[in-house]
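Notes for the structure review
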Amino acid sequence: MAWFRAASGVARHAVRRHLARAPHHVSRPRPVMPPARGFHSTALRPKAAPVPRPVPLSRLTDSFLDGTSSVYLEELQRAWEADPNSVDESWDNFFRNFVGQAATSPGISGQTIQESMRLLLLVRAYQVNGHMKAKLDPLGLEEREVPDDLDPAFYGFTEADLDREFFIGVWRMSGFLSENRPVQTLRSILNRLEQAYCGSVGYEYMHIADREQCNWLRDKIETVNPRSYTRERQEVILDRLIWSTQFENFLATKWVTAKRFGLEGAETLIPGMKEMFDRAADLGVENIVVGMPHRGRLNVLGNVFRKPLRQIFSEFSGSGNKTIDEDGLYTGTGDVKYHLGTSYDRPTRGGKRIHLSLVANPSHLEAVDPVVVGKTRAKQYYSNDTDRTKSLGVLMHGDGSFAGQGVVYETLHLSALPNYTTGGTIHIVVNNQVAFTTDPKAGRSSQYCTDVAKALNAPIFHVNGDDMEAVVHVFELASEWRQTFHTDVVVDIVCYRRFGHNEMDEPSFTQPKMYQVIRNHPSALQIYQKKLLDSGCITKEEIDRIQNKVTSILNEEFNNSKDYVANRRDWLSAYWSGFKSPEQISRIRNTGLPPYGSLYILYACLDSVKPEIVKRVGEAITTLPPNFKPHKVVKRVFDERAQMIQTGEGVDWAVAEALAFATLLVEGNHVRLSGQDVERGTFSHRHAVLHDQETGEIYCPLDHVIMNQNEEMFTVSNSSLSEFGVLGFELGYSMENPNSLVLWEAQFGDFANGAQVIFDQFLSSGESKWLRQTGLVCLLPHGYDGQGPEHSSARLERYLQVSWWGRGNMRRMSDDNSYVIPEMDPTLRKQIQECNWQVVNVTTPANYFHVLRRQIHREFRKPLIVMSPKNLLRHAKCKSNLSEFDDVQGHPGFDKQGTRFKRLIKDQNDHSDLEEGIRRLILCSGKVYYELDEERKAADAKDIAICRVEQLCPFPYDLAQRELKRYPNAEVVWCQEEPMNMGAYTYIFPRLSTAMKALGRGSMEEVKYVGRPPSAATATGFLKVHQQEQRELVQKAMQRDSIKFP
Ligand SMILES: Cc1ncc(C[n+]2csc(CCOP(=O)(O)OP(=O)(O)O)c2C)c(N)n1
Ligand SMILES: [Mg+2]
């Protein structure tokens, strides 16, 4: 005991601090034991004796709360007797109560304070660990060791104490201990605890730091009478369970060999979800955005979303592509039935309507999580749902995926961030205790598959999936929690998978024992029917009536499915009406600013002068409040910016970007930029948010562009350090409303591969698979300036590799044909619409401004990948004049179509339409242009022309050919700074050859390459080597001799 006594003074303080805060005891040291990870496969652990053991000081209070040290209690009592102020107020209350009441209460003679205190520890042990004893596994295979601290003997109680009455005080907490029944027998106390914590629901909530939240839950858990649903309610629940069960049976009999990833073994999910949605609607929810994996998806679509059953059946029969009333139908490449999204207005039990959207998802488990959350947040923005109670995100998970996929944490981690929160997501885990063929013991290191959510202080309700009413109860509780506390909550339905991973799989290869039990296990429906029949609530005839009704509707819908013809294509919806699909010709408007316009909306324009819009916007974004004290360097930056606007010269990258944002805001669009450190900018160039150096207050000039600007209309936000989660979030956000410019910026372009799934599965292919557009912009810093292999390349080649364009209509969309030139006539061109995304490597601030504005100024949306610059941010030559931003005839950039983004920038040497004396035409992209131009000047190589391909994808065939014609005798060179196996070379090469061939100009070998040789790493780690390589490549581009192929 010496360890304890020596530390007892410190411990007392710790106890005071600990108890003064909310209860959180998850870090209590436990006896070392093999992790109990699952239910059916967990080995028994030997019972550990409650022997006090050395504990680090920092954890001493926790060891007390384990109840392992009765000495500690004596110590506490002695301390209180010596000085009541030396213990926490709650213990002070306890001792006072005990001394005042227990001693005088009849029938409890002989009870010591120690006994009373141990009783409290027992109650607390149930609150913390009761779930370990809950009957969660429908298969009864769980072999979890009941923790010692749930055993009364652990506290010195024996059989003889069961009917003794104990004083337990009227505690300050809610729930069981707050009832005005301070005297109870040990037996009744234990019964209450068992009933509350060890039935079909296991509650995990004692890790939550907030006392109010814990008390709210304790009230619900401990003091609610055993659940009782009215007969009417039970009939509704039964009806829903019959639908859920029969739906799967029906599919199984009609399509015996089809994969459907059925819900058998987890059928109670459907009534549970429906009850949850009903309850959420009662509590004010109007929109629910759902993301879910394969398991049970069809059942959810049919029974929860009410997607017409005939349509589901028709799709099952493989005839889901027929539509009427549409010409020029775009169906994309489509996707398998268990990935498709949908939306539906659903009437609720309480007589309301709720809008449900199921987001389409790829096969990649959990990848849809951040997308759903981002979409939910956007819904909240557009419906002015400032308290976030009207739109709710619901995510469903498998047990294996929830525990294993990192994006789960990356999404949870966004949940409380001011610019990402949605006021709580409800998570549902369909925990069938297996992942494909993998047992939990091989699939996770934690006890529960939901443990990751504890890091977020989310309550977790584990429920036995065979107990229908318990499932309904926790689903309702989850809705109530979310609408009360606006944070995440998890429902873990512990169930089983009746068949294999899919219906064709043989589960007994790998889980023979589990499946022996499953084979003889009654369905949840059989169990619930029996319960209702036994209790006399419902008759056999009534059950038969429901069963027959459901069977006959299913048959009817099946018959109708044979002639089912979709009468409306599921194309862009809601805010997207009027937007064009890839085969409908659409206009791209000019992106230059009109010289004058609706100035009245500009806050800075209340005087009578009418200067150019671009100048007024420019002033708004460079003016700081008079008393604001920025850092002196930032002050200088802003002075320089003001100068740029005033003189109209030398506009840099950051100002061009701010002008694009500001002008879009003036036009009424929402602009949102998020990513790591985007407020300042990784390279200290943006300074979108300024910090007063004295007060620490912040000021964001772009929040003050128009009068009474909505706080969120311009959002720039540093994000959590996650690529997958944050890019997914922004993608979901961008899909809600087309009138928003949503941008995600990577810290360096390299890091975007942490979000590769979002690029591959959603951004590059979502439109084609699921008919959903997005105009999301990804800014990926890229450029070789000697920073080494990890900070040079954004992996441009990857974005070009998954780029494609298809010609004509959808029937030829899969032609990724770099050898055929599509229609390039400006009035007929659909090249961008038909490609999956745009990839640009822009070299001037003005062109950056226009490419951002172009995203909004057209009748379709298309993702934009920007290789964004690093050293061009401050490059002396990388500047534009303000006249390049407007749409004024005679100003640079204005051509016969007006001012627009330039897909290709021709040589700057004022060449005529035919320059026969030019011996070499160098095509390049990005910042290497400036180095080539400088070298050309140094070499006085006037006979070399340099053109910049600003838009790599889709390839500007028309403009490339225009330049080829201009220089009929020139050797054609592609120059890049990336190694040959990277960068744009392999993308450009066939396209440039095609463009040349169409002009009758040479063979493939006529496209010469200048750049780094192939390499494994993206760049050298040695600055000197980099400099030499860079020097050599620009010199080679200027060499007198012709360049050898390739
Ligand atoms: C990211 C990813 N990795 C692997 C797979 C292949 N896969 C499909 S389902 C599955 C098992 C999922 O188990 P669980 O999450 O428990 O869901 P269940 O199928 O049991 O409902 C696996 C590994 C996948 N779809 N996505
Ligand atoms: Mg599973």
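Residues numbered from 1 in each chain as written. Chains lettered and ligands numbered in written order. Predicted model: local features only at pLDDT ≥ 70, side-chain atom pairs only at ≥ 80, totals over all residues. Heavy atoms only, no water.

Some words on the overall build of the chain
- Counting its regular elements, the chain contains 32 helices and 26 strands.
- Of all 1046 residues assigned to the chain, the portion counted as buried reaches 60%.
- Long-range contacts, defined as pairs at least 24 residues apart, comprise 79% of the intrachain contacts of the chain with a sequence gap of at least 6.
- Summed over all atoms, the accessible surface of the chain reaches about 40600 Å², with 51% contributed by carbon and sulfur. (Helix = DSSP H or I, 4+ residues; strand = E, 2+ residues; numbered from the N terminus. Buried < 20%, exposed > 50% of the residue type's maximum accessible area, 1.4 Å probe, protein only. Contact = heavy atoms within 4.5 Å. Areas by Shrake-Rupley, 256 points an atom, 1.4 Å probe, with all protein chains shown as cover.)

Points about the site of ligand 1
- Around ligand 1, the structure places 15 residues, and the nearest of them are Arg 295, Asp 399, Gly 400, Ser 401 and Asn 432.
- Gly 400 has a polar backbone atom sitting 2.9 Å from an oxygen atom of ligand 1.
- At 2.9 Å from an oxygen atom of ligand 1 is found a side-chain nitrogen or oxygen belonging to Asn 432.
- When residues in the shell around ligand 1 are grouped by element, the largest group, three residues, is from helix 13 (residues 399-404).
- Considered class by class, the residues forming the shell around ligand 1 number four nonpolar, nine polar and two charged. (Near = heavy atom within 4 Å. Polar contact = N/O pair within 3.5 Å; in protein donor to acceptor, adjacent residues only side chain to side chain. Nonpolar A, V, L, I, M, F, W, Y, C, P; charged D, E, K, R; others polar.)

Things to note about the pattern of salt bridges
- Here the structure, examined in full by the defined rule, presents 61 salt bridges.
- Between Arg 377 and Glu 712 there is a salt bridge, with its nearest N and O atoms 3.4 Å apart. Pair noted here: Arg 377 is in helix 12 (residues 368-382) and Glu 712 is in the loop between strand 13 (698-699) and strand 14 (714-718), with a separation of 335 residues, a long-range link.
- In this structure, Arg 829 and Asp 958 form a salt bridge, with 3.1 Å as the shortest nitrogen-oxygen distance. In this pair, Arg 829 sits in the loop between helix 26 (796-801) and helix 27 (831-834) while Asp 958 sits in helix 30 (residues 957-966), placing the two residues 129 residues apart along the sequence.
- Sharing partners across several salt bridges, the network here consists of Arg 233, Arg 240, Glu 275, Asp 278, Arg 346, Arg 349 and Glu 476. (Salt bridge = Lys/Arg side-chain N within 4 Å of Asp/Glu carboxyl O.)

Details of the sheet that holds strand 26 (residues 1007-1012)
- In space, the five strands of this open sheet follow the order 21-23-22-25-26, with mixed pairing throughout. Here the strands that pair on one side only, and so sit at the sheet edges, are strand 21 (904-905) and strand 26.
- By the bridge criterion, four bridges tie strand 22 (residues 920-924) to strand 25 (residues 971-979) in an arrangement that is parallel. By the bridge assignment, Leu 921 is partnered in strand 25 with Val 972.
- Here helix 32 (residues 1023-1038) sits on the sheet and contacts strand 22, strand 23 (944-949), strand 25 and strand 26; the angle it forms with strand 26, its principal contact strand, is near 160°. (Pairing = 2+ DSSP bridges. Axes fitted to C-alpha atoms, helices over the stretch in contact; angles between N-to-C directions.)

As for the sheet that holds strand 11 (residues 670-675)
- The strand order 14-11-15-16-18-17-24 describes an open sheet built from seven strands, whose pairing is mixed. Each of the sheet's edge strands pairs with one partner strand only, and the pair in question is strand 14 and strand 24 (951-953). Taken pair by pair, the neighbouring strands of this sheet meet at an average axis angle of 20°, ignoring direction.

Thoughts on the coordination of the magnesium ion (ligand 2)
- At 2.0 Å from the magnesium ion (ligand 2) lie its protein donor atoms, namely Asp 399 (OD), Asn 432 (OD1) and Val 434 (O).
- Sequence spacing of the donors to the magnesium ion (ligand 2): D-x32-N-x1-V. For the pair formed by Asn 432 and Val 434, the shared burial category is buried. (Donors = N, O, S within 2.8 Å, 3.2 Å for Na, K, Ca; no water.)

A word on helix 16 (residues 468-485)
- In a regular helix each residue adds 1.5 Å, so 18 residues correspond to 26 Å; helix 16 covers 26 Å between its end C-alpha atoms and thus fits that length.
- The element helix 16 is largely enclosed, with a buried count of 17 among its 18 residues.
- In the stretch just after helix 16, His 486 is the one whose phi turns positive, near 60°. (Expected span 1.5 Å × (residues − 1).)

A short note on the pairing of strand 18 (residues 864-868)
- Of all five residues in strand 18, five are buried; the element is thus mostly enclosed.
- Where burial is concerned, the two faces of strand 18 agree: the one with Leu 864, Val 866 and Ser 868 and the one with Ile 865 and Met 867 are both buried.
- Sheet topology places strand 16 (residues 777-781) next to strand 18; five bridges connect them, and they run parallel. Bridging across to strand 18, Leu 779 finds its partner in Val 866.
- Of the pairings in the sheet, the one linking strand 17 (residues 838-840) to strand 18 comprises three bridges and is parallel in character. Considered in strand 18, the bridge of Gln 838 is made with Leu 864.
- In this fold, the crossover linking strand 17 to strand 18 by way of helix 28 (residues 845-854) has right-handed handedness. (Right-handed = clockwise from strand over helix to strand, strands pointing away.)

Details of the packing of aromatic side chains
- Summed over all chains, the structure comprises 29 aromatic pairs.
- Between Phe 762 and Trp 770 the ring centres are 5.5 Å apart and the planes differ by 65°, which places this aromatic pair in the edge-to-face class. For the pair shown, Phe 762 and Trp 770 are each scored as buried.
- An angle of 85° between the planes, with centres 5.1 Å apart, marks the rings of Phe 955 and Tyr 957 as edge-to-face. Note on accessibility: Phe 955 and Tyr 957 belong to one class, buried.
- Seen from the ring of Phe 558, Lys 254 lies directly overhead, with NZ or CZ sitting 4.7 Å from the centre. (Phe/Tyr/Trp six-rings, centres within 6.5 Å; stacked < 30°, edge-to-face > 60°. Lys NZ or Arg CZ within 6 Å of the ring centre and 35° of its normal.)

What to know about the confidence of the model for the chain
- Predicted confidence across the chain gives a mean pLDDT of 86, with 84% of residues reaching 70 or more.
- The model gives residues 320-329 a pLDDT under 50, and that stretch makes 20 contacts with residues more than four places away or in other chains.
- Below pLDDT 50 for its whole length, residues 597-611 participates in 29 contacts with residues either more than four positions away or in separate chains. (pLDDT = per-residue confidence, 0-100.)

Digging into the packing of helix 8 (residues 231-254) against helix 16
- Packing of helix 8 against helix 16 brings their axes to within 11 Å, and their N-to-C directions diverge by 100°. Overall, the two elements helix 8 and helix 16 adopt an arrangement that is roughly perpendicular. Residues Arg 233, Gln 234, Ile 237 and Leu 241 of helix 8 form the contact with helix 16, whose own contacting residues are Met 468, Glu 469, Val 472 and Glu 476.
- A class-by-class count of the residues in the contact of helix 8 with helix 16 yields four nonpolar, one polar and three charged. (Parallel < 35°, antiparallel > 145°, perpendicular 65-115°, else oblique.)

Examining helix 18 (residues 524-535)
- Counted at 1.5 Å a residue, the expected span for helix 18 with its 12 residues is 16 Å, and the 17 Å between its end C-alpha atoms agrees.
- Every buried residue belonging to helix 18 is among Ala 524, Leu 525, Tyr 528, Gln 529 and Leu 532, and all of these are buried. Mapping the buried residues of helix 18 onto a view down its axis gives an arc of 130°, with all of them on the same face. Opposite its buried face, helix 18 presents the exposed residues Lys 530 and Asp 534, each directed more than 90 degrees away.
- Buried positions along helix 18 lie against helix 8, helix 16 and helix 19 (540-561).
- A positive phi of about 75° marks Gly 536, the residue just after helix 18. (Arc of directions from axis to C-beta.)

Side note on the nonpolar core
- By size, the foremost hydrophobic cluster in this structure holds 143 residues, and its most contacted members are Leu 659, Leu 702, Phe 759, Leu 780, Ile 865 and Leu 932.
- The element best represented in this core is helix 22 (residues 653-666), accounting for 11 residues.
- Leaving out residues up to four positions away in the same chain, Leu 702 has contacts with Ile 621, Ala 658, Phe 661, Ala 662, Leu 665, Gln 709 and Phe 714.
- In terms of nonpolar packing, the next biggest core, distinct from the first, is built from 98 residues, Leu 122, Leu 263, Met 273 and Val 300 among them. (Core = buried A, V, L, I, M, F, W, Y, C linked by side-chain atoms within 4.5 Å.)

Some details on the side chain of Arg 144
- Note that Arg 144 resides in the loop between helix 5 (113-129) and strand 1 (165-167).
- For Arg 144, a relative accessible area of 9% translates into the label buried.
- At a separation of 3.4 Å, a polar atom in the side chain of Arg 144 contacts the main-chain carbonyl oxygen of Met 132.
- A polar side-chain atom of Arg 144 sits 3.4 Å from the main-chain carbonyl oxygen of Ala 134.

Observations concerning unusual backbone geometry
- Cis geometry marks the peptide bond from Cys 953 to Pro 954; its omega dihedral reads -5°.
- With respect to the helices and strands, the residue Pro 954 is situated in the loop between strand 24 and helix 30.
- In this structure, His 687 takes a positive phi of about 50° despite not being glycine.
- One can find His 687 in the loop between strand 11 and strand 12 (690-691).
- For Asp 910, which is not glycine, the phi dihedral falls at a positive 55°.
- A relative accessible area of 74% places Asp 910 in the exposed class.

Considering the state of the cysteines
- Considering all chains together, one arrives at zero disulfides under this definition.
- Cys 924 supplies the cysteine sulfur nearest to Cys 947, a cysteine that is in no disulfide, at a spacing of 8.3 Å. (Disulfide = S-S within 2.5 Å.)

A word on the environment of Arg 310
- Position of Arg 310 among the secondary structure elements: in helix 11 (residues 309-316).
- For the pair Arg 310 and Glu 556, spaced 246 residues apart in sequence, the C-alpha to C-alpha distance is 8.5 Å.
- Non-local contacts of Arg 310, meaning those with residues more than four positions away in its chain, are made with Glu 557, Asn 560, Ser 561 and Tyr 564.

Brief notes about the pairing of strand 22
- Burial runs high along strand 22: five of the five residues are buried.
- Covered by surrounding structure in strand 22 are Arg 920, Ile 922 and Cys 924 together with Leu 921 and Leu 923, the residues of both alternating faces.
- Bridge analysis of strand 22 against strand 23 gives five bridges, and the strand direction is parallel. Looking at the pairing, Cys 924 lines up with Arg 948 of strand 23.

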